[in-house]
Amino acid sequence: MNCYFHNDVAGVTNCPSCGSALCRSCTDTSPVILDNKKLCCKCAKESLEEQLQKIRSQYFWAKIIVPINALLIYFLISVFLYSSPDVAIIPIWIIGGITGLPSSLSFFFSPDERTVDGIIIRIKEEKGILESCLVPLLFGFLFAPVFVLISLFRNSFLLYNGKSNIRLLEKQLASVKHFLADT
Ligand SMILES: [Zn+2]
Ligand SMILES: [Zn+2]
């Protein structure tokens, strides 16, 4: 079968998402990998746009979550060190469970993420309600302080890498769009 994008060139592989035949130059151009195979540029564009949106919102929330988590850890440490009755542990525990939840969840429950050039590309479908909400919620509240700590590390990491990851994704997206416009 000939390449989907270049009708006169023989295909050497198929896009793992839509199945289109791809020639060597198409495979070389695409920056996104799924199941050890390059996505076609059309699917790569969709995946990159989705990823860019996700990283932008993660970066936005990290700026809010990091100071909250740092403050909570400070309070939790003072509670454990001085067992002060003045400090309300229950609200801290609950806020900890909530703020630590989203990042801890993706940390624990996302085996279908792939890393391309240091960027996590997530393509597979979302999980069911039990797996995506109830189990993490239970863990979140049981182990709130642990989750806050994980959340702080993860969001600090997102904050640290956010800008350069967004720039890299924008560059990859631009090159894919350029390729699609040319064919
Ligand atoms: Zn495709
Ligand atoms: Zn091609």
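Residues numbered from 1 in each chain as written. Chains lettered and ligands numbered in written order. Predicted model: local features only at pLDDT ≥ 70, side-chain atom pairs only at ≥ 80, totals over all residues.

Trainee: Quick question: what am I supposed to make of the overall build of the protein chain here?
Mentor: A count of helical and extended segments in the protein chain gives 5 helices and 6 strands. Taken from the N to the C terminus, the helices and strands of the protein chain come in the order β-β-α-β-β-α-α-β-β-α-α. By residue count, 27% of the 183 residues in the protein chain fall in the buried class. Within the protein chain, contacts between residues separated by at least 24 positions form 59% of all contacts whose residues are at least 6 apart in sequence. (Helix = DSSP H or I, 4+ residues; strand = E, 2+ residues; numbered from the N terminus. Buried ≥ 20, exposed ≤ 12 C-beta atoms within 10 Å, placed from the backbone. Contact = placed C-beta atoms within 7 Å.)

Trainee: Looking at this structure, I do not really get the environment of Phe179. What am I missing?
Mentor: Position of Phe179 relative to the elements: it lies in helix 5 (residues 144-182). Here Phe179 falls in the partly exposed class, since 18 other C-beta atoms lie within 10 Å of it. Ignoring anything within four residues of it in the chain, the contact list for Phe179 reads Thr29 and Cys41.

Trainee: Sorry if this is basic, but what is going on with the nonpolar core here?
Mentor: Here is a general trend for soluble globular proteins: nonpolar side chains tend to be buried in one another's company. Formed by 16 residues in total, the largest nonpolar core has its most connected members in Leu22, Cys26, Leu39, Cys40 and Ala44. Mapped by element, the contributors of at least two residues to this core are helix 2 (41-82) and helix 5. At 5 residues, helix 2 tops the list of elements feeding residues into this core. For this core, the domains that each give at least three residues are domain 1 (1-39) and domain 2 (45-173). The contact partners of Cys26, leaving out residues within four places of it in the chain, are Cys3, Phe5, Cys40 and Cys41. (Core = buried A, V, L, I, M, F, W, Y, C linked by C-beta atoms within 7 Å. Domains from an automatic or database assignment.)

Trainee: How do you make sense of the environment of Leu71 when you look at a structure like this?
Mentor: By the secondary structure assignment, Leu71 is in helix 2. The partly exposed category is assigned to Leu71, around which 14 C-beta atoms lie within 10 Å.

Trainee: When you look at the environment of Leu76 in this model, what are you seeing that I'm missing?
Mentor: With respect to the element layout, Leu76 can be found in helix 2. Sequence separation of Leu76 and Ile89 is 13 residues, and the distance between their C-alpha atoms is 7.5 Å. For Leu76, the contacting residues outside a window of four places in its chain are Ile92 and Pro145.

These figures come from the coordinates and say nothing about function on their own.
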